Amino acid sequence: MTPTHEGRNYIAGEWVASASGRTFDRRNPADQDDLVGVFPDSTAADSADAVSAVADAAPAWGRVPAPERALVLQRAADILERRADELAVELVREEGKTLAEATAETRRTPQNLRFYAGEALRIAGDSFPSEGQGAVYTTREPVGVVGAVTPWNFPLNIPSRKLGPALAAGNGVVYKPSPVSPLLGQRLVEALLEAGLAPGAIALVQGGAEAGAAVVGDHRVGAVTFTGSTETGRRIHSAVGPSRRCQLEMGGKNPVLVLPDADLDRATALIVKGAFGLSGQACTGTSRVLVHESVHDRLVELLAAAADSLTVGPGLGDGVDMGPLAADFQLRKTLDYVAIGCKEGAEPVAGAQRPAGPGTDRGFFVRPTVFTGCTTDMRIVREEIFGPVIAVQRFGTFEEALTLANDSDYGLAAGIVTRDLNRALEFARSSKNGLVKINQPTTGMGMTVPFGGLKESSTQTFKEQAGNSMMMFYTQEKSVYISALS
Ligand code: NAD
């Protein structure tokens, strides 16, 4: 029998319940009879306590020498690596991804922490020619208290890209994970504490919008880092206001162009990986396919066959390609969009239904879905579904394809499949997206490469992952002028 966890907040060095006594349940999305844990449903008052505790302790953590801060991150990475296999199983149970997907995440997370441990040692200022007899130099200091609010789709990887650099720079962090993945949120904090992080330098506040809004709205929080939907991001942006730092990474509606010269098997494989990996719940997931009319029918045939061949089931099951959606609201939203697509006149050629049979009747499963006959005015083409649904549109000329691809409020990731390098590079130049993939899935990215979107996908205030950019976000620059007294 798998255990039911009793989750706690971590505030002022103690594991505590919400002062209100409120809790919420988290259940396995593949099997609603399996109660993963009971967690504090924190109130605004709990968040205020967490901010107070971190505000008190952050200055001392900021004075810890950088090599010691780096060592804490290195040790946390060691701990996470030792526990990678058990964490992967917990990740499948809590969030629903397949074991292979969970394993990739549990391997990447410690690497992120190691990367930022290195960055802790590279925080540097400049010196300038003095206009008088003295010296002028700049320092980079921690901001103080960072508020980190995260989604559930990468519950270790994404927070490690926020907590890692924030702590490396000497900030204290109030961390509010998603209520869909509270256990994994707690696991990351446990590893950091076990690694020797000063207990007051971090607070963990479990819960939903109330707890998150109280963290980001608190003026003692000097920098807010958020990853999640564009809708929530907009709210946070106005709550943070102009005088505090705010970094928002948000939704996407990511297209892949397939040119007439493309290897269609290759195109199919990378679209299927980008669209149905993580059950379509990656921010960079492929959700639009723009295909040249000369290869449209063949590609649709291949995509439908590939989608139909995927095995949908619980993430720990043998041979499972696609797990459940992470939550009931995710299933409802996906099914709603499938119905909207049909009503708008798009034709479903694969999926568009829930799987039948044992193993899937207690979870939030849906078959990977391919719509053809889509047009730009359709909601399934314009709005982020965040489920395993692709909308296929046909185009005649390359210029038309570029226009269609860029005709979106979002600007996160885009791909092209072609043998024509000139066309590919022209697409890379013209694409209004933060990430461009040539003959690769829209998902997946390098750990040290700048990551972030354009348009409604990001505030574009400092890219994630990029070492120096992240460290700039989590530090503030000060100019110091010195004159010696004679
Ligand atoms: P969400 O916006 O619903 O929630 C994200 C977090 O914000 C959660 O912790 C939630 O509790 C919290 N929250 C909700 N309301 C809040 C408020 N008013 N103030 C403060 N915090 C609040 O998103 P989600 O469902 O967790 O994640 C899915 C979304 O995240 C998708 O839109 C996806 O594209 C996006 N995403 C983006 C990236 C990226 O890097 N661009 C990566 C992963 C996911």
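Every residue gets a number counted from 1 within its own chain, in the order that chain's sequence is written. Per-residue local features are limited, in this predicted model, to residues with pLDDT of at least 70; the limit for side-chain atom pairs, both in listing and counting, is 80 or more; totals at the level of whole chains, interfaces and linings are taken over all residues. To obtain the side-chain values, all non-hydrogen atoms of the structure were used and water was disregarded.

### What to know about the UniProt feature "coiled-coil region" (unreviewed entry) in the chain
Condition: UniProt positions are given in the numbering used here, feature names are shortened, and annotations may be inferred rather than shown by experiment. Only DSSP runs of H or I covering at least 4 residues are called helices, and only runs of E covering at least 2 are called strands; the numbering of each starts at the N terminus.
Following the UniProt record, the feature "coiled-coil region" (unreviewed entry) maps to residues 70–97 here. Segment residues 70–97 splits into 89% helix and 0% strand. End C-alpha atoms: 31 Å apart.

### A word on helix H8 (residues 230–240)
Heads up, the rule is: Under the scheme applied here, a residue whose accessible area is under 20% of the maximum for its type counts as buried, over 50% as exposed, and between as partly exposed, the area being computed with a 1.4 Å probe on protein chains only. Taking the helix axis as origin, the arc is that swept by the directions to the C-beta atoms.
Among the residues making up H8, those that are buried are Thr 230, Gly 233, Ile 236 and Val 240. One face of H8 carries all of its buried residues, which in axial projection span an arc of 115°. Of the exposed residues in H8, those oriented more than 90 degrees away from the buried face are Glu 231, Arg 234, Arg 235 and Ser 238. The positive-phi residue at the C-terminal boundary of H8 is Gly 241, with phi of around 75°.

### Quick notes on the site of the ligand
Operational definition: We call a residue near a molecule or strand whenever a single non-hydrogen atom of that residue lies within 4 Å of it. By the criterion applied in these results, polar contacts are pairs of N or O atoms within 3.5 Å in which, for protein atoms, one can donate a hydrogen and the other can accept it, and in which residues neighboring in sequence qualify only through two side-chain atoms. Nonpolar residues are Ala, Val, Leu, Ile, Met, Phe, Trp, Tyr, Cys and Pro. Charged residues are Asp, Glu, Lys and Arg, and all others, Gly as well, are polar.
Near the ligand you find 28 residues, and of these Lys 176, Ser 229, Thr 232, Met 250 and Glu 384 are the closest. Lys 176 has a polar side-chain atom sitting 2.6 Å from an oxygen atom of the ligand. One of the side-chain N or O atoms of Ser 229 is found 2.6 Å from an oxygen atom in the ligand. Only helix H7 (209–216), strand S11 (223–227) and H8 provide two or more residues apiece to the shell around the ligand. Looking at side-chain class alone, the shell around the ligand contains 15 nonpolar, ten polar and three charged residues.

### Concerning the UniProt feature "active site" (unreviewed entry) in the chain
Worth spelling out the cut-off: Here, two residues are considered to be in contact whenever any of their heavy atoms come within 4.5 Å of each other.
This chain's UniProt record puts "active site" (unreviewed entry) on Glu 249. In contact with Glu 249, not counting residues within four places along its chain, are Phe 226, Thr 227, Gly 228, Phe 451, Gly 452, Gly 453, Ser 457, Ser 458, Phe 462 and Glu 464.

### Side note on the state of the cysteines
Quick reminder of the rule: Note on terminology: disulfide denotes any pair of cysteine sulfur atoms within 2.5 Å.
A full pass over the atoms with the stated rule returns zero disulfides. No disulfide involves Cys 246; its sulfur sits 17 Å from the nearest other cysteine sulfur, which is in Cys 283. No disulfide involves Cys 374; its sulfur sits 10 Å from the nearest other cysteine sulfur, which is in Cys 342. With relative accessibility at 7%, the residue Cys 374 sits in the buried group.

### Here's the deal with the layout of surface pockets
Rules: In this analysis, the protein atoms alone were mapped onto a 1 Å grid. Cavities are point sets where a 1.4 Å probe fits without being able to get out; pockets are open sets with protein on both sides within 12 Å along at least five of seven lines; lining residues have an atom within 4 Å of a point. Grid points are joined across faces, edges and corners, and a volume is the space filled by probe spheres set on the points.
Here the second largest pocket defines a volume of roughly 160 Å³. Residue assignment for the lining of the second largest pocket shows that the elements contributing at least two residues are strand S7 (135–142) and helix H15 (467–473).

### Quick look at the sheet that holds strand S6 (residues 127–128)
Selection rule: Here, any two strands with at least 2 DSSP bridges between them count as paired.
Ordered by their spatial adjacency, three strands build an open sheet running S6-S7-S22, and the pairing between neighbours is antiparallel. Each edge of the sheet is formed by a strand with only one pairing partner; in this case those strands are S6 and strand S22 (475–482). Across eight bridges, the pairing between S7 and S22 is antiparallel. The partner of Thr 139 across the bridge, within S22, is Lys 478.

### Looking at the pairing of strand S16 (residues 369–372)
What you see with S16 is no split at all: Thr 369 and Phe 371 on one side and Val 370 and Thr 372 on the other are buried throughout. Across three bridges, strand S15 (residues 347–350) lies against S16 in antiparallel orientation. Within S16, the position partnered with Ala 350 by the bridge is Val 370. Pairing of S16 with strand S17 (residues 389–395), which is carried by three bridges, proceeds in the parallel orientation.

### So, the environment of Val 370
Here Val 370 lies in strand S16. Between the C-alpha atom of Val 370 and that of Arg 288, which follows or precedes it by 82 residues, the distance is 9.9 Å. Not counting residues within four places of it along the chain, the set of residues in contact with Val 370 comprises Phe 276, Leu 303, Ala 307, Glu 347, Pro 348, Val 349, Ala 350, Ile 390 and Val 392.

### Focus: the side chain of Ser 47
Along the chain, Ser 47 turns up in helix H1 (residues 44–63). Within the structure, the side chain of Ser 47 is placed 2.9 Å from the backbone oxygen of Ala 211, a separation counted as a polar contact. For Ser 47, the contacting residues outside a window of four places in its chain are Val 205, Ala 211, Ala 214 and Val 215.

### Quick word on the pattern of salt bridges
Operational definition: Between Lys or Arg on one side and Asp or Glu on the other, a salt bridge is scored when a side-chain nitrogen of the former is within 4 Å of a carboxyl oxygen of the latter.
Tallied over the entire structure, the rule returns 26 salt bridges. For Glu 119, the salt bridge is made with Arg 122, and the minimal N-O distance between the two is 3.4 Å. For Arg 382, the salt bridge identified is with Asp 407, shortest N-O distance 3.1 Å. Taken together, the positions of Arg 382 in helix H12 (residues 379–382) and Asp 407 in the loop between helix H13 (398–406) and strand S18 (410–411) put the pair 25 residues apart, joining distant regions of the chain. Judged by relative accessible area, Asp 407 falls into the partly exposed class, the value being 35%.

### Brief notes about the nonpolar core
Put simply, the rule is: The set of buried Ala, Val, Leu, Ile, Met, Phe, Trp, Tyr and Cys residues whose side-chain atoms join them within 4.5 Å is what this entry labels a nonpolar core.
Core analysis: the biggest nonpolar cluster contains 50 residues, and Leu 163, Val 173, Leu 192, Leu 197 and Ile 202 have the highest contact counts within it. Filtering out sequence-adjacent residues up to four positions away, Leu 192 remains in contact with Val 72, Leu 73, Ala 76, Leu 163, Leu 167, Leu 197 and Ile 202. Among the nonpolar cores identified, the runner-up in size contains 30 residues, and Ala 267, Val 300, Ala 350 and Phe 365 belong to it.

### Re the packing of helix H3 (residues 84–95) against helix H4 (residues 99–120)
Our working definition: Every axis in this analysis is a line fitted to C-alpha atoms, fitted for helices over the stretch in contact. Angles between the N-to-C directions lie between 0 and 180 degrees. Here is the rule for angles: anything less than 35 degrees is roughly parallel, anything more than 145 is roughly antiparallel, 65 through 115 is roughly perpendicular, and the remaining ranges are oblique. Crossings are sorted by hand: turned counterclockwise from the far helix by less than a right angle, the near helix makes the crossing left-handed, and turned clockwise it makes it right-handed.
Packing of H3 against H4 brings their axes to within 8 Å, and their N-to-C directions diverge by 130°. The pairing of H3 with H4 is recorded here as oblique in orientation. For the pair H3 and H4, the sense of crossing is right-handed. When H3 is examined against H4, the residues Ala 84, Asp 85, Leu 87, Ala 88, Val 89, Leu 91 and Val 92 are found in contact with a partner set consisting of Leu 99, Ala 102, Thr 103, Glu 105, Thr 106 and Arg 107. Partitioning the contact of H3 with H4 into residue classes produces eight nonpolar, two polar and three charged.

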